[in-house]
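What follows is the residue order along each chain.
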Amino acid sequence: MEAWKVRSGGKGRDVSDAFWDKKVAAIGWGLGDLSGVSTREEIRDRLRAERPDLGGRSLINVTGNLHRFVNEIQVGDLILTPPTENRDFLIGRCQSPYKYLPGLLPEGYEDVREVNWLTRIPRSALSDGLRASCNGEITVSNLSKHIKEIEALLEVLLGEARWDEFIDWAKRFYEWEQFDEHERDYKLRVGERLDTAKQALLNGSSNWQDLLRMVFRAPDSYLRDWRVNDAFLKLDGPLMEEALLKIWGQDIFDSLADRMRGFQELSQVGPPGVMASILLMADDATQHPMYRYRPLQEAYQLTGYPSAANDSSDPWERYEHAIGFFDKFIEEASSSGLRLRDRLDAQALTWCVTHYSKQDLPKDWPDEVKEKFIAYQRGEIVTPPLPAGTEDPPRVDDPWSPEKIASLAEGLLWETDELQKVVDGLKDKKQVIFQGPPGTGKTYVAKRIAEWCRDHGGGFQIVQFHPSYSYEDFVEGFRPTLSDGQAGFKLAKGPLRVMAEKADANPEATFILVIDEINRGNIAKVLGELYFLLEYRDEKVGLQYSSEPFYLPKNLWFIGTMNTTDRSIALVDAALRRRFYFFGFFPDQAPIEGLLERWLEGNNPKEKWVSGLVNLANRKLEGRHLGIGPSHFMKKDPPLDEDRVRFIWERAVIPYIEEQFFGNEARLEQFAYDRLKRELDGTAPDSDGGAQAGGAASDDNGQAGG
């Protein structure tokens, strides 16, 4: 199952209400029925024939939108529709294949998917990342990297109980070999001891009070805070006896509710229901487990179970509600293949899931699992790993199919063949370096490729080299630690080892380590044995601090970025260059050439003149390594206008150029914003006094010739 954005209009037009009323999502570019049209090429050819007004980037974008809507969305996929106004989003499930239904919606919305709209989502409920993915002019785009967030929002908004995650974690605890020892056996012993004290009291024995003290002061009794226990044991003898006779059934006709209420009224010990529930363990600890407010409150929140009764002042209402939760837990667990023995198991697992800290967790749980568990307790929706030996093979999509590469290239505003070259380089050597001047998108593209791998079952991490970055930071090294109050050192894994282990555990997926500014570190010192392993992936070597052999999995790729204006690039030795493929990010060559113009065409066509300004300045610079990158001006917020362009030019571009021509004021003056703008507009001669930017010659008086 995947998730998709389908926009409901543009340029002030919003038909989301019609989508909701007609139970559909729709688009349309006037091509007629596209049933049976299964490839991008067929759609593109139809557009060329019937929409000659579309060209260049617009043709590519519309082709992609139609292909995704007609062929890629599947029945059962989630569809999210952002309205053009500041209103709620629609969310639903696709219910049909593509249909051509003219007349159902306003003109321009003939290509239709039937949708079971489930609910509306407030804009404020979406994360910044999901909101950003829903922005922009692309009509149909894949949101599957946000699918967990979308499903979690659905659970909350539709009131669906989140039992699956709760039970998955409970299953891990239940399969823990020491579960009974830590969370069940001592409670059974307490129940038996309480029953002994109960029988002594009911039989008129004088030692019932001593027996009761032994229960609560036994070293293996962990039922309540000592202050609550102490307050109970300090009750006046006759009052304690009267309260105990109430809870332990002096009158056999009293209901359990009356027994609990009577005890609480007489004793007034602790929060309502707590001490009474402990004493009921004398009847049967497996059916009357103890009640505690906080873990149950947290369990109610984690599962979506109603929680209002937990704040009642009536001890029976609290306890009855808790018993209902335990019974629901047993039922839900059974349907998921986890069969609990009784309510005591449910109570013990509730405590484990809600209150175990990281230090309490089973020692054999991997650190990654422990981190996910703590995140789950905080309320983050995570998918817990299955217990060891029961893992299903992870679902891994091929991120490098021709269709997927074309889709990623479209989002980058690249030609597909340019991205294919990068992918081919990664598949071959497993490591590449993006080199070029600042602002050409090196880090952005590296991050998008890495995220693309993650979205298809893999993973990524980004690190940045700098002069003080070391082997110990990158591979492994000893870190200061404090254990039992004693200072010491512990061997800690760096990002390289962490990513290598993840890749080794999931060989079908691709993992990427992005090394930003790779040439700013002391590469030979930071990489160490990696120099060898980058070239010989099948070999194993010993590392500096650990004796176990280490190798680089073939599905762990590296993307480095390198600023070619940085003089430290000269220090990159031949050994490193031999191990990487290098891809240039230069303003005068593909894929960066024309990128700003393409972006402006799709996002801010009124300001397309900016690309001419940048190109003019780049022609004046000496060498492609000093070029001005397009990303300075690929800004949506605030929108790009002439005032914004001037600000960026004077505060970002000019300081960069000053570094190249420090002390050469005459040369620097050629890049003043007003001067370049006049040249671009054809109102001033260029720096040579010759041809103007528009190609027209100027006469002796500096006026444009006829």
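Owing to the predicted nature of the structure, the values given are computational and were not obtained by experimental measurement.

Asker: Mind laying out the sheet that holds strand 8 (residues 431–436), listing which residues take part and the relevant values?
Answerer: On the basis of which strands lie adjacent, the open sheet formed by five strands has the order 9-12-15-8-16 and parallel pairing. At either margin of the open sheet sits one strand with a lone partner, and together these are strand 9 (459–464) and strand 16 (581–584). Between one strand axis and the next, the sheet turns by 20 degrees as a mean value, whatever way the strands run. Its contacts with the sheet put helix 20 (residues 442–455) on strand 8, strand 9, strand 12 (511–516) and strand 15 (556–563), and the angle it makes with strand 15 is roughly 165 degrees. Relative to the sheet, helix 22 (residues 495–505) contacts strand 9, strand 12 and strand 15, its axis offset from that of strand 12 by approximately 160 degrees.

Asker: Pulling in residues and values, what's your account of the packing of aromatic side chains?
Answerer: Counted under the stated rule, the structure contains 32 aromatic pairs. On the numbers, 6.4 Å between centres and 50 degrees between planes, the contact of Trp 316 with Tyr 319 is tilted. Within this pair, Trp 316 and its partner Tyr 319 are both found in helix 15 (residues 315–335), separated by three residues, close to a single helical turn. Feature note: the residues Trp 169, Phe 173, Trp 176, Tyr 356, Trp 365, Phe 373 and Tyr 376 constitute an aromatic cluster, connected by ring pairs. For Arg 172, the ring lying beneath its charged end belongs to Trp 365, and the centroid distance is 5.4 Å. Here the basic side chain of Lys 429 rests over the ring of Tyr 581, its NZ or CZ set 5.1 Å away from the ring centre.

Asker: I'd like a description of the environment of Lys 430, backed by residues and values.
Answerer: Among the secondary structure elements, Lys 430 is positioned in the loop between helix 19 (416–429) and strand 8. Assessed through its relative accessible area of 18%, Lys 430 is described here as buried. Here the alpha-carbon distance between Lys 430 and Arg 579, two residues 149 residues apart in the chain, equals 9.1 Å. Excluding residues within four positions of it along the chain, Lys 430 makes contact with Gly 425, Arg 537, Lys 554, Leu 556, Trp 557 and Phe 558.

Asker: Describe a negative patch on the surface, with residues and values.
Answerer: Where like charges cluster on the molecular surface, the negative patch consists of Glu 658, Glu 659, Glu 665 and Glu 669. When contributions to the negative patch are tallied by element, the ones reaching two or more residues are helix 28 (642–660) and helix 29 (665–669). Looking at the secondary structure, you find Glu 658 in helix 28.

Asker: Run through the pattern of salt bridges, naming residues and quoting values.
Answerer: Per the stated rule, a full pass over the model turns up 32 salt bridges. Put simply, Glu 679 and Lys 620 hold a salt bridge, and the shortest N to O gap is 3.4 Å. Residue Glu 679 is found in helix 30 (residues 673–681), and its partner Lys 620 is found in helix 27 (residues 609–620); the two are separated by 59 residues along the sequence. When its relative accessible area of 12% is taken as the criterion, Lys 620 is described as buried. Residues participating in the shared-partner salt-bridge network are Asp 180, Arg 184, Arg 341, Asp 342 and Asp 345.

What counts, and at which threshold
Residues numbered from 1 in each chain as written. Predicted model: local features only at pLDDT ≥ 70, side-chain atom pairs only at ≥ 80, totals over all residues. Heavy atoms only, no water. Pairing = 2+ DSSP bridges. Helix = DSSP H or I, 4+ residues; strand = E, 2+ residues; numbered from the N terminus. Axes fitted to C-alpha atoms, helices over the stretch in contact; angles between N-to-C directions. Contact = heavy atoms within 4.5 Å. Phe/Tyr/Trp six-rings, centres within 6.5 Å; stacked < 30°, edge-to-face > 60°. Lys NZ or Arg CZ within 6 Å of the ring centre and 35° of its normal. Buried < 20%, exposed > 50% of the residue type's maximum accessible area, 1.4 Å probe, protein only. Patch = residues over 30% accessible without salt bridge, like charges linked within 9 Å, V, L, I, M, F, W, Y side chains within 5 Å. Areas by Shrake-Rupley, 256 points an atom, 1.4 Å probe, with all protein chains shown as cover. Salt bridge = Lys/Arg side-chain N within 4 Å of Asp/Glu carboxyl O. Lys, Arg positive; Asp, Glu negative; His and termini not counted. Charge placed at Lys NZ, Arg CZ, Asp CG, Glu CD.

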